[in-house]
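A structural walkthrough
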Amino acid sequence: MSYLDRVNIGFAATRMNADLGLSTAAYGLGAGLFFIGYVLFEVPSNVILHRVGARAWLARIMVTWGLISGAMAFVHSEAWFYVVRVLLGIAEAGFVPGVVYFLTLWFPSAIRARMVALFIIAIPVAVVLGAPLSALLIEHGHGVLGLDGWRFMFLVEALPAVLVGVIAFFALPNRISDAKWLTPLERSSLSGVLEDEGAAAAEHGASGVLGALRDWRIYAVAGIGFSVNMGGYALSFFLPQVIEGLGVQFGTRFSLGEVAALTAIPYACAAIALWLVGRSSDRRQERHWHAAIPLLVGALAVAVALYLPSTLAIMAAISIAAAGSYCVLPVFWQLPPRFLTGAAAAAGMAVAGGLANVAGFVAPYMTGGLQNATGSYRPAMFVVAGIMIVGAVIALLLRRRPEFRRVPASQVAASDDKAPTSDIHPHPHH
């Protein structure tokens, strides 16, 4: 729901831009403005979540972003388009890093990448399911409640976030001690493993908010995330328009439903790759090559995609590029907890996620601006590819740091997905 409410603007753009009189550059600016408020409020949001608990704070985030996303149905000018996008970013700030931080309080590091992958996989799945849904709402919702189709789409797709936010407030447990489905032994055993990991992380870094903000490693990790998001957001905000352009280039006119179906293909590939890479990273307890290789492969695919001779070949390259970007996300989120714990982990993950999401502003604004200036998306794709290569280099350079070394083999053995929960052995002091 989060990602659908963030990128359904890409599906709306084919009709909305004409209705609001938006150029490609103005649309790119509006799409990117979401991330101004999002980035500025990431750290405060995660610090509040650490203090008040995930249940109340995640519910608040969901309800407010749902209401503001629905307000897109009533935008009638370029200025209000910008205002609502900024407010949506402020409302949603802290959601992804908040959930990932929340997961660090429940899952040991030896299995955390695949757990985060199960959460992050919702991003490409949101596009796979959301693309045809958005197309149907735009095409068949025109005139309902007196609204244009794209306005009706925003209104309908905003409602689930509000409803599930209310459900989360009553259903989501804050702590392991609240988990009714675990036995007392399982609760104490799991808590023991996580406490030991927190103590180990504290040996390599700060446990306070200010200490996290001063730690250069957070900014290096953010650089990896920025490179990942440059690839992801350049695709998510412009892929429907790129596909329409391919139809013109190769003499085929795609309907909105066909554009939606083609848009879903790269994200289906990304969902599969995301799960496989997260699982492989946990099994091998290796993070850096699992980030670097997909980024390098994705960068090559981004660079060559729009030079290929057919729609089929271009869509294959775009699928590889999407997989190369998104499958790094579960690995990226495993790096800050290696050297931060407690409030520092909450703040550090928010800083890394916030700075990484600056790409959400840069990617659409840069892509739209270069397309306006050159009449082609190719120059923008070269820039994106270069940034992805820089991210791969940073990931490999961080391998040399001792805090990024592998988890002890005993923890890996205990985390085998064939083992029951009770195989996480309690420590003597628990």
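On a predicted model such as this, the values are computed, not experimentally measured, just so you know.

Conventions used here
Residues numbered from 1 in each chain as written. Predicted model: local features only at pLDDT ≥ 70, side-chain atom pairs only at ≥ 80, totals over all residues. Heavy atoms only, no water. Helix = DSSP H or I, 4+ residues; strand = E, 2+ residues; numbered from the N terminus. Rg over C-alpha atoms; globule rule 2.2 N^0.38 Å. Buried < 20%, exposed > 50% of the residue type's maximum accessible area, 1.4 Å probe, protein only. Contact = heavy atoms within 4.5 Å. Lys, Arg positive; Asp, Glu negative; His and termini not counted. Charge placed at Lys NZ, Arg CZ, Asp CG, Glu CD. Axes fitted to C-alpha atoms, helices over the stretch in contact; angles between N-to-C directions. Parallel < 35°, antiparallel > 145°, perpendicular 65-115°, else oblique. Left-handed = near helix turned anticlockwise from the far one by under 90°. Salt bridge = Lys/Arg side-chain N within 4 Å of Asp/Glu carboxyl O. Expected span 1.5 Å × (residues − 1). Patch = residues over 30% accessible without salt bridge, like charges linked within 9 Å, V, L, I, M, F, W, Y side chains within 5 Å. Areas by Shrake-Rupley, 256 points an atom, 1.4 Å probe, with all protein chains shown as cover. Nonpolar A, V, L, I, M, F, W, Y, C, P; charged D, E, K, R; others polar. Core = buried A, V, L, I, M, F, W, Y, C linked by side-chain atoms within 4.5 Å. pLDDT = per-residue confidence, 0-100.

**Remarks on the overall build of the protein**
A tally of helices and strands in the protein yields 20 helices and 0 strands. Taken over C-alpha atoms, the radius of gyration comes to 21 Å for the protein, in line with the 22 Å a tight globule of 430 residues would show. With respect to the three principal axes, the spread of C-alpha positions in the protein is 70 × 45 × 40 Å. Burial analysis of the protein (430 residues in total) assigns 58% to the buried set. Long-range contacts, defined as pairs at least 24 residues apart, comprise 83% of the intrachain contacts of the protein with a sequence gap of at least 6. Of the side chains in the protein, 27 bear a positive and 23 a negative charge, and the two mean positions are spaced by 5 Å.

**What about the packing of helix 3 (residues 42-52) against helix 17 (residues 342-356)?**
At a minimum axis separation of 8 Å, helix 3 and helix 17 run at an interaxial angle of 150 degrees. Relative to helix 17, the element helix 3 is oriented roughly antiparallel. The handedness of the crossing between helix 3 and helix 17 comes out as right-handed. On helix 17, the residues that touch E42, V43, N46, V47 and H50 of helix 3 are G342, A343, A346, A347, M349, A350, V351, G353 and G354.

**Concerning the pattern of salt bridges**
In this structure the tally under the stated criterion is 5 salt bridges. Notably, a salt bridge pairs R114 with D282, separated by 3.2 Å at the nearest N-O pair. In this pair, R114 sits in helix 7 (residues 109-120) while D282 sits in helix 13 (residues 256-284), placing the two residues 168 residues apart along the sequence. Residue classification places R114 among the buried residues on the basis of a relative accessible area of 5%. For D282, a relative accessible area of 0% puts it in the buried group. A salt bridge links D178 to R175; the nearest nitrogen and oxygen atoms lie 3.5 Å apart. Residue classification places D178 among the partly exposed residues on the basis of a relative accessible area of 29%. What makes R175 partly exposed here is its relative accessible area of 48%. Several salt bridges share partner residues, and in doing so they unite R114, D282 and R287 into one network.

**Remarks on helix 2 (residues 24-40)**
Taking 1.5 Å per residue as the helical rise, helix 2 with its 17 residues ought to reach 24 Å, and the 25 Å between its terminal C-alpha atoms agrees with that figure. Across the 17 residues that make up helix 2, a large majority, 14, are buried.

**Thoughts on a nonpolar patch on the surface**
On the surface, I36, L40, F41, W80, V83, L87 and I90 cluster together into a nonpolar patch covering about 640 Å² of accessible area. Looking at the nonpolar patch, the elements with two or more residues in it are helix 2 and helix 5 (78-92). When residues of the nonpolar patch are assigned to their parent elements, the largest contribution, 4 residues, is made by helix 5. In this structure, I36 sits in helix 2. Judged by its relative accessible area of 36%, I36 is partly exposed.

**Things to note about the environment of P108**
Position of P108 among the secondary structure elements: in the loop between helix 6 (95-104) and helix 7. For the pair P108 and L190, spaced 82 residues apart in the sequence, the C-alpha separation amounts to 7.9 Å.

**Details of the environment of I389**
Note that I389 resides in helix 19 (residues 378-397). Residue class for I389 comes out partly exposed when judged on its relative accessible area of 40%. A C-alpha to C-alpha distance of 34 Å links I389 and V83, two positions 306 residues apart in sequence. Other than its neighbours up to four places away in sequence, I389 contacts L296 and A299.

**Brief notes about the side chain of T24**
Assignment of secondary structure puts T24 in helix 2. Note on T24: relative accessible area 18%, which makes it buried. What T24 contacts, discounting residues up to four positions off in sequence, is F238, G368, Q371, N372 and Y377.

**A short note on the packing of helix 1 (residues 2-20) against helix 8 (residues 122-140)**
Interaxial distance between helix 1 and helix 8 falls to 9 Å at its minimum, and their mutual angle equals 40 degrees. For the element pair helix 1 / helix 8, the angle class is oblique. As helix 1 packs across helix 8, the resulting crossing turns out to be right-handed. Residues Y3, L4, V7, N8, F11, A12 and R15 of helix 1 form the contact with helix 8, whose own contacting residues are I123, A126, V127, G130, A131, S134 and I138. Residue classes in the contact of helix 1 with helix 8 are distributed as 10 nonpolar, 3 polar and 1 charged.

**A short note on the nonpolar core**
Of all hydrophobic cores here, the largest spans 138 residues; its most connected members are M16, F81, F154 and Y326. In terms of residue count, the dominant contributor to this core is helix 12 (residues 216-249) (15 residues). Every residue in contact with F81, bar those within four places of it in the chain, is listed here: I9, M16, L20, L22, A26, Y27, G30, A31, M72 and V75.

**Digging into the confidence of the model for the protein**
Detailed reading of the predicted coordinates is not advisable wherever pLDDT falls low. For the protein, mean pLDDT is 83; residues scoring 70 or higher make up 91% of the total. Ranking the elements of the protein by mean pLDDT puts helix 20 (residues 409-414) last, at 44, and helix 4 (residues 54-70) first, at 94.

**Here's the deal with the environment of V127**
Note that V127 resides in helix 8. A relative accessible area of 3% means that V127 is categorised as buried. Separated by 123 residues in sequence, V127 and L4 have C-alpha atoms that sit 6.8 Å apart. Once residues within four sequence positions are removed from consideration, V127 is found in contact with Y3, V7, F11, P132, T263, A264 and Y267.

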